[in-house]
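The chain contents come next:
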Amino acid sequence: MGAKTGRAISGAQPLQGLKLRQHVWRHTGERLLIYFLLVLVALLALLPLMWAFAASFTPNAKVFEHAFPFSLRALFPVEFTLEAYGAIFARGFGDALKNSFWLAGVTVVLGGTINALAGFAFARFEFRGKRFLFLTVILLPFLVPVDLTAIPRFILVNTLDWRNTWQALIVPGLGNSLAIFLFRQFFEEIPQDLIDAARVDGASWLQLFFNVVLPLSRPVLITAALFLFLQQWDAYFWPLLVAPRPELRLVQVAISTAVEEHRTRWNEQLAGSMLAAIVPILLLLPFQRYYIQAVTSSGLKD
């Protein structure tokens, strides 16, 4: 009987090994299929960007030569030239880049401080009308398109005689309801014991905020900074409305100058778009893990 049992066990071992190998191969095949589909989707998503990049190095007359009907030849410059890039910089695109960097940088510093303080107040202080104020001032703007508020904001800017000034570009972009919301949600996760300990040690609220709270808030700080930076970097309608002066021209407005009444310089417009797109990409790639961490840790509570 022992011999039979031994033969049964020895016969079961190859069968188990076969099943294990089949499971491994099936799992590997599924992963390879998923990777293939992800790569395919990524290539399809990147295809327009690859065409635009190639077209920016192509003479304007031949931008659409291989685009209709589309062929893979369209992903390579027809006649490589830097004419479009030279033309946009000759028209002041470099100054527009500097203006956008300046505007976005100032907004990140001032707006980040203001939004963080507002988020801390909503997270840690109790005052009359707090919940109503949070719902109407912070959450409600999520439902209102930004351009819908352009007219009252323009009337206010015009009343203050701020047209064609940096104030008109900077001040309306300092308050960001999404950034305040993220700060508020993140600050609520900080243990109350830590806040109480700092207060017992004699720290003022500002000392507590800058020396204790902010050092623990790197993910949400980076995320809010990205929001504020990209908001100003991508701004088009508002700068065009309140600051049309060439000295205050921003990068998105500068790109639009390639569109004329009777023709469009497509290669120049695409060249400007490529340069404008590089900056957000270089910012988002290294900081995306902080962005994901801040958004996922800021759950919706109320």
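Overview of the structure. (Residues numbered from 1 in each chain as written. Predicted model: local features only at pLDDT ≥ 70, side-chain atom pairs only at ≥ 80, totals over all residues. Heavy atoms only, no water.)

**Here's the deal with the overall build of the protein**
Then, number 1: A count of helical and extended segments in the protein gives 13 helices and 0 strands.
Then, number 2: Shown N-terminal to C-terminal, the secondary structure of the protein runs as helices and strands in the order α-α-α-α-α-α-α-α-α-α-α-α-α.
Then, number 3: Sorting the 302 residues of the protein into buried and exposed places 35% on the buried side.
Then, number 4: Accessible surface computed for the protein: about 18,500 Å², of which carbon and sulfur atoms make up 69%. (Helix = DSSP H or I, 4+ residues; strand = E, 2+ residues; numbered from the N terminus. Buried < 20%, exposed > 50% of the residue type's maximum accessible area, 1.4 Å probe, protein only. Areas by Shrake-Rupley, 256 points an atom, 1.4 Å probe, with all protein chains shown as cover.)

**Let's talk about the packing of helix α3 (residues 93–124) against helix α10 (residues 218–233)**
Then, number 1: Orientation of α3 relative to α10, taken along the N-to-C sense of each, is 145 degrees, at an axis distance of 8 Å. At the point where α3 passes α10, the crossing takes the right-handed sense. Contacts between α3 and α10 pair Leu97, Ser100, Phe101, Leu103, Ala104, Thr107, Val108, Gly111, Gly112 and Asn115 from the former with Ala225, Leu228, Phe229, Gln232 and Trp233 from the latter.
Then, number 2: Grouping the amino acids of the contact of α3 with α10 by side-chain chemistry returns 9 nonpolar, 6 polar and no charged. (Axes fitted to C-alpha atoms, helices over the stretch in contact; angles between N-to-C directions. Left-handed = near helix turned anticlockwise from the far one by under 90°. Contact = heavy atoms within 4.5 Å. Nonpolar A, V, L, I, M, F, W, Y, C, P; charged D, E, K, R; others polar.)

**Notes on the environment of Phe93**
Then, number 1: On the secondary structure map, Phe93 appears in helix α3.
Then, number 2: The sequence separation of Phe93 and Gly272 amounts to 179 residues, and the corresponding C-alpha distance is 7.9 Å.
Then, number 3: Those residues in contact with Phe93 that sit more than four places away from it in its chain are Ile88, Val251, Ala254, Ile255, Gly272 and Leu275.

**Quick notes on the packing of aromatic side chains**
Then, number 1: Scanning the model with the defined rule gives 20 aromatic pairs in all.
Then, number 2: Seen in terms of ring centroids, Phe122 and Phe127 are 6.1 Å apart; in terms of plane orientation they differ by 50 degrees. Their pairing is tilted.
Then, number 3: Given a relative accessible area of 34%, Phe127 falls into the partly exposed group.
Then, number 4: Measuring from centroid to centroid gives 6.2 Å for Phe187 and Phe209, while their planes differ by 85 degrees, and the two rings are edge-to-face. Taken together, the residues Phe187 in helix α7 (residues 177–187) and Phe209 in helix α9 (residues 205–213) connect sequence positions 22 residues apart. Each member of the pair, Phe187 as well as Phe209, is classed as buried.
Then, number 5: An aromatic cluster of three or more residues is present, and its members are Phe120, Phe125, Phe183, Phe187, Trp205, Phe209 and Phe210.
Then, number 6: Taking NZ or CZ as reference, Arg153 lies 4.4 Å from the ring centre of Trp238, over its face.
Then, number 7: Lying over the aromatic face of Phe134, Arg184 brings its terminal NZ or CZ to 4.2 Å of the ring centre. (Phe/Tyr/Trp six-rings, centres within 6.5 Å; stacked < 30°, edge-to-face > 60°. Lys NZ or Arg CZ within 6 Å of the ring centre and 35° of its normal.)

**Observations regarding unusual backbone geometry**
Then, number 1: The phi torsion at Asp161 lies on the positive side, around 60 degrees, for a residue other than glycine.
Then, number 2: One can find Asp161 in the loop between α5 (150–159) and α6 (166–170).
Then, number 3: Judged by relative accessible area, Asp161 falls into the exposed class, the value being 64%.
Then, number 4: Even without a glycine there, the phi angle at Asn164 is positive, about 60 degrees.
Then, number 5: By the element assignment, Asn164 lies in the loop between α5 and α6.

**A word on a nonpolar patch on the surface**
Then, number 1: A cluster of nonpolar side chains, namely Leu33, Phe36, Leu37, Leu40 and Leu44, defines an oily patch on the protein surface of about 500 Å² accessible area.
Then, number 2: For Phe36, the position within the fold is in helix α1 (residues 2–55). (Patch = residues over 30% accessible without salt bridge, like charges linked within 9 Å, V, L, I, M, F, W, Y side chains within 5 Å. Salt bridge = Lys/Arg side-chain N within 4 Å of Asp/Glu carboxyl O.)

**Quick word on the pattern of salt bridges**
Then, number 1: Applying the stated rule across the entire model yields 6 salt bridges.
Then, number 2: Put simply, Glu188 and Arg184 hold a salt bridge, and the shortest N to O gap is 3.5 Å.
Then, number 3: Look at Glu188 and you get partly exposed, because its relative accessible area is 25%.
Then, number 4: Looking at Arg184, the relative accessible area reads 6%, which means it is buried.
Then, number 5: Of the charged contacts, one joins Arg245 and Glu247 as a salt bridge, the two residues approaching to 3.4 Å between their closest N and O atoms.
Then, number 6: Overlapping salt bridges bring together Arg91, Arg265 and Glu268 as one network.

**With respect to the nonpolar core**
The tendency in soluble globular proteins is for nonpolar side chains to be buried side by side.
Then, number 1: Among the nonpolar cores identified, the biggest contains 26 residues, and Trp51, Phe93, Phe229, Trp233, Val251 and Leu270 are the most heavily contacted of them.
Then, number 2: Secondary structure elements with two or more residues in this core: α1, α2 (83–90), α3, α10, α12 (251–256) and α13 (266–297).
Then, number 3: Sorting elements by how many residues they give to this core places α13 first, with 5 residues.
Then, number 4: Each of two domains, domain 1 (3–80) and domain 2 (86–300), supplies a minimum of three residues to this core. (Core = buried A, V, L, I, M, F, W, Y, C linked by side-chain atoms within 4.5 Å. Domains from an automatic or database assignment.)

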